[in-house]
Amino acid sequence: QVQLVESGGGSVQAGGSLRLSCAASGYTYNTYCMGWFRQAPGKERERVATIYRDSSTYYADSVKGRFTISQDNAKNTLYLQMNSLNPEDTAMYYCAARRAAGVCDSGGMTYWGKGTLVTISS
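Summary of the structure given here. None of these values were measured; they are calculated from a predicted model. (Residues numbered from 1 in each chain as written. Predicted model: local features only at pLDDT ≥ 70, side-chain atom pairs only at ≥ 80, totals over all residues. Heavy atoms only, no water.)

1. Considerations on unusual backbone geometry
- In this model, Ser-55 sits at a positive phi of 80 degrees, which is unusual for a non-glycine residue.
- Secondary-structure assignment places Ser-55 in the loop between strand S5 (46–52) and strand S6 (57–59).
- Phi at Ser-84 takes a positive value of approximately 50 degrees, unusual for a residue other than glycine.
- Mapped onto the secondary structure, Ser-84 falls in the loop between strand S8 (77–82) and strand S9 (91–98).
- On the basis of relative accessible area, Ser-84 is assigned to the partly exposed category, the value being 45%. (Helix = DSSP H or I, 4+ residues; strand = E, 2+ residues; numbered from the N terminus. Buried < 20%, exposed > 50% of the residue type's maximum accessible area, 1.4 Å probe, protein only.)

Written as structure tokens, this is what we have:
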């Protein structure tokens, strides 16, 4: 089992930055991918960014160039650096992981954190 706990959310003005963290515990060996997902009120959950075991990454077009996903394997921690934030980034952000090889989209992740709220004011 893998437990995920997010932190770092908050309220900032448009143009500002935030760094989200996700602490992973439990059995974290051989995790295939980890990622950040977000869900705004009235919208579907969407994939923001994922990072794979080989360190390759994926970014949604909406955040490409602004967000950076990274991981510190020694600390079992996942990060999401968010820059140039805008009101459209307002959402609950979730950390997720998948152990088995497969598609690391919203429906493919098997472990989820409870989320951390990010609010961007115009």
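Moving on from the model shown.
2. Considerations on the pattern of salt bridges
- Evaluated as defined, the whole model comprises 3 salt bridges.
- Here Asp-89 ties to Arg-38 by a salt bridge, and the two come within 2.9 Å at their closest N and O atoms. With Asp-89 in the loop between S8 and S9 and Arg-38 in strand S4 (residues 33–39), this pair connects stretches of sequence that are 51 residues apart.
- Accessibility expressed as a relative area gives 1% for Asp-89, which makes it buried.
- Judged by relative accessible area, Arg-38 falls into the buried class, the value being 5%.
- Between Arg-66 and Asp-89 there is a salt bridge, with the nearest N and O atoms lying 2.8 Å from each other. Note that Arg-66 is positioned in the loop between S6 and strand S7 (67–72) and Asp-89 in the loop between S8 and S9, a separation of 23 residues in sequence. In terms of burial, Arg-66 and Asp-89 fall into one category: buried.
- Residues participating in the shared-partner salt-bridge network are Arg-38, Glu-46, Arg-66 and Asp-89. (Salt bridge = Lys/Arg side-chain N within 4 Å of Asp/Glu carboxyl O.)

3. Digging into the environment of Ala-60
- Looking at the element boundaries, Ala-60 is found in the loop between S6 and S7.
- By relative accessible area, which is 8% here, Ala-60 ends up buried.
- For the pair formed by Ala-60 and Phe-37, sequence separation is 23 residues and the distance between their alpha carbons is 10.0 Å.
- Aside from chain neighbours lying at most four places away, what touches Ala-60 is Arg-47 and Val-48. (Contact = heavy atoms within 4.5 Å.)

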